[in-house]
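Chain and residue survey
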Amino acid sequence: MTAMRSAALTVLVCFAIVAQTVIFRFISVDGVVPNLALILVVVAAIARGSQFAAVLGFGAGLLLDLAPPADHIAGRWALALVIVGYLAGRVRQDARTSPMMAVVLVGAASFIGTSLFALSGAVLGDGTWAIDETIRVIVISVLWDLMLAPFLVPLLLWLLDRVRPARLALG
Amino acid sequence: MQRRFGRRISGQRPADPSRRVLGLLVLAALTVITLDARTGADSPLNPVRSAVGSVVGPLEDVTNEVTQPFADATGFLRTNKSLRGDIATLSAENSRLRGEMATEPLDRQRLAELDGLTRTANETGYSLVAARVIAMGPVQSFSRTVTIDAGTSSGIKADMTVLNNDGLVGRVVRTTRSTATVLLIIDRSSVVGGRLSTNMEIGFLRGRGTLGDRGRLDLDLVDNAVEPSRDDSVVTWGSKNGVPYVAGIPIGRVESVVSTPRQSSRVAVIKPFVDFTALDVVGVVVPKGTHGNRAVISQGAVR
């Protein structure tokens, strides 16, 4: 059963990453696409808490770092998404109760995640852009994620509930 | 295991284990970053990269195949106004073509001459493997890369030149069996040797990594005394054995020249010929006599 669940999660993560590089490139805004992997990690944090989200964030981030066409130093998205997953899990109590809060949380997580990624690039000297361009990228990606969150959060919550361990059995 | 899980969800357990997990995962991420950043070309992560690539690459290919009709379908949703615009353009083109028909015999003569020229050009020309762009790296990764649907099985290796009808696109940085990753010339880490076509002056073009159709390159000329003129076109000057760039591929046009007081040199801003937001079919320059599962286009013929 656990194997089935992790397989389902892996498929979900793979699909998010492939969709954002293949499907969304047709409607990208100046090349910026919605960060589906990040939204998935935030929804996982809302559904299951920070520990689960941090582990999922590490896995999704590492896949984002290694899957083609990525060409940056591996581990940078992993680091960003681990922290995003953990932080989102810490404040999830509010987001569980209201969908509005969940959308806001996705926006905040998108800002923190992309900023952390840009920051690690600046520290490592890997793909650093001019500061105004960096801010533009971050703003566009936050807007993208905010726009998709109202549709994706309920859908992903439902999907994650399907692959959730039998919690009802525990009462 | 399940008991622990249940308790954590109900929020009664203190946050200690989750903090420990966070610490471990951050440490793991930092280890991966250090390993990859320190070792550079022979990174222990490269085998993992190609393993992941050989799984995700075909996945991207399939997804692209499945979604292509939907992407093409956006063309149907066009406004009346744009269709009217199309009619105007087409009728203008029609009358131009009618005019051209009148001068056809002369053109045929010219064409024969040109044909001879191209034949000579083809003798020294390059062999190409055609490929399609199937995935684009998200810009929030602050790099400009794409995946193409041809890999080592078509004879493609790292450090090969990639171009399309308009000009230079980039170079291959990594390959799997069926896909390859291309670093676009507008990426910040891309450096191309370029030559001004009017005065043959050479220089280096660096990508600015800017967004969308504002993608520009900076040209630093080796000789500071030379002033590049506006609208002058820039071509590659090529490297030894054509690795990573072959010579004579058009790159772009000088848009403006900026001189900074701090540095004594002038920087020319180059607008690339290629539209990097709408990349589709590209050609990869391969050595002559390459055999793969894909047709090699050379000397004007497909073999």
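Residues numbered from 1 in each chain as written. Chains lettered and ligands numbered in written order. Predicted model: local features only at pLDDT ≥ 70, side-chain atom pairs only at ≥ 80, totals over all residues.

Taken together, the contacts link 57 residues of chain B with 50 residues of chain A. Within the residue set of the side of chain B that touches chain A, elements represented by two or more residues are α1 (2–9), α2 (16–39), α3 (45–73), β1 (127–136), β2 (145–148), β4 (168–175) and β5 (180–184) of chain B. When the residues that make up the side of chain B that touches chain A are grouped by side-chain class, the tally is 29 nonpolar, 22 polar and 6 charged. (Contact = placed C-beta atoms within 7 Å. Helix = DSSP H or I, 4+ residues; strand = E, 2+ residues; numbered from the N terminus. Nonpolar A, V, L, I, M, F, W, Y, C, P; charged D, E, K, R; others polar.)

This part is about the nonpolar core. Core analysis: the biggest nonpolar cluster contains 120 residues, and A37, L40, V41, V42, L81 and V82 of chain A together with V284 of chain B have the highest contact counts within it. Excluding residues within four positions of it along the chain, V42 of chain A makes contact with V84, A88, L105, V106 and A109 of chain A. (Core = buried A, V, L, I, M, F, W, Y, C linked by C-beta atoms within 7 Å. Buried ≥ 20, exposed ≤ 12 C-beta atoms within 10 Å, placed from the backbone.)

All names here are of chain A. Remark: helix α2 (residues 36–48) packs on helix α4 (residues 76–90), axes separated minimally by 8 Å, with the N-to-C direction vectors making an angle of 35°. Crossing handedness for the pair α2 and α4: right-handed. Within the contact between the two elements, α2 uses A37, L38, V41, V42, A44 and A45 and α4 uses L81, V84, G85, A88 and G89. Partitioned by chemical class, the residues of the contact of α2 with α4 number 9 nonpolar, 2 polar and no charged. (Axes fitted to C-alpha atoms, helices over the stretch in contact; angles between N-to-C directions. Left-handed = near helix turned anticlockwise from the far one by under 90°.)

It is worth spelling out the packing of α2 of chain A against helix α3 (residues 50–66) of chain A at this point. Between two packed helices, what matters for the description is the angle formed by their axes and the separation of those axes. Residues and elements named next belong to chain A. Where α2 meets α3, the closest approach of the two axes is 8 Å, and the angle between their N-to-C directions is 165°. Considering their axes alone, α2 and α3 lie roughly antiparallel with respect to each other. For the crossing formed where α2 meets α3, the hand is right-handed. Only S50, F52, A53, L56, G57, A60 and L64 of α3 make contact with α2, whose side of the interface consists of A37, L40, V41, A44, A45 and R48. The residue inventory of the contact of α2 with α3, partitioned by class, reads 10 nonpolar, 2 polar and 1 charged. (Parallel < 35°, antiparallel > 145°, perpendicular 65-115°, else oblique.)

Turning to the environment of R214 of chain B, a few remarks are in order. Within the secondary structure layout, R214 of chain B lies in the loop between β7 (202–207) and β8 (217–221). The spatial distance from the C-alpha of R214 of chain B to the C-alpha of P272 of chain B is 9.6 Å, given a sequence separation of 58 residues.

As a further point, take the sheet that holds strand β9 (residues 233–236) of chain B. All names here are of chain B. On the basis of which strands lie adjacent, the closed barrel formed by 6 strands has the order β6-β7-β8-β11-β10-β9 and antiparallel pairing. Each strand of the sheet is rotated relative to its neighbour by a mean of 45°, with strand direction disregarded. By the bridge criterion, 4 bridges tie β8 to strand β11 (residues 266–272) in an arrangement that is antiparallel. Paired with D220 across the bridge in β11 is V267. (Pairing = 2+ DSSP bridges.)

A word on the UniProt feature "transmembrane region" (unreviewed entry) in chain A. Residues and elements named next belong to chain A. What UniProt calls "transmembrane region" (unreviewed entry) maps, in this numbering, to residues 6–24, 36–61, 73–89, 101–125 and 137–160. Strand forms 0% of residues 6–24 and helix 89%; the C-alpha atoms that close the span are 26 Å apart. With 82% helix and 0% strand, residues 73–89 has its two end C-alpha atoms placed 27 Å apart. (UniProt positions renumbered as here; feature names shortened; annotations may be inferred.)

Compared with the 21 Å implied by 1.5 Å per residue over 15 residues, the 22 Å span of α4 of chain A between its first and last C-alpha is a close match. Across the 15 residues of α4 of chain A, 14 count as buried, placing the element largely inside the fold. (Expected span 1.5 Å × (residues − 1).)

Here we take up α2 of chain A. Residues and elements named next belong to chain A. For α2, built from 13 residues, the straight-helix expectation of 18 Å at 1.5 Å per residue is met to within 8% by its first-to-last C-alpha distance of 18 Å. For α2, the buried fraction is high: 13 of the 13 residues fall into the buried class. One or two steps after α2, the chain reaches G49, where phi turns positive at roughly 95°.

Turning to the pairing of β8 of chain B, a few remarks are in order. Both faces of the sheet carry side chains from a regular strand, because those side chains alternate between them. Residues and elements named next belong to chain B. Along β8, the buried face is formed by L217, L219 and L221; none of D218 and D220, which line the opposite face, is buried. Alignment of β7 against β8, held across 5 bridges, turns out to be antiparallel. Residue pairing for β8: F204 is matched across the bridge by D220.

Our next topic: the environment of I112 of chain A. Along the chain, the position of I112 of chain A falls in helix α6 (residues 99–124). Distance in space between the C-alpha atoms of I112 of chain A and F24 of chain A is 22 Å, their sequence separation being 88 residues.

Quick look at unusual backbone geometry now. Following P68 of chain A, the chain continues into P69 of chain A via a peptide bond in cis, with omega recorded as 5°. Within the secondary structure, P69 of chain A is located in the loop between α3 and α4. One non-glycine residue, M200 of chain B, adopts positive backbone phi at about 60°. Along the chain, the position of M200 of chain B falls in the loop between β6 (191–196) and β7. Phi at D231 of chain B takes a positive value of approximately 70°, unusual for a residue other than glycine. Tracing the sequence through the fold places D231 of chain B in the loop between β8 and β9.

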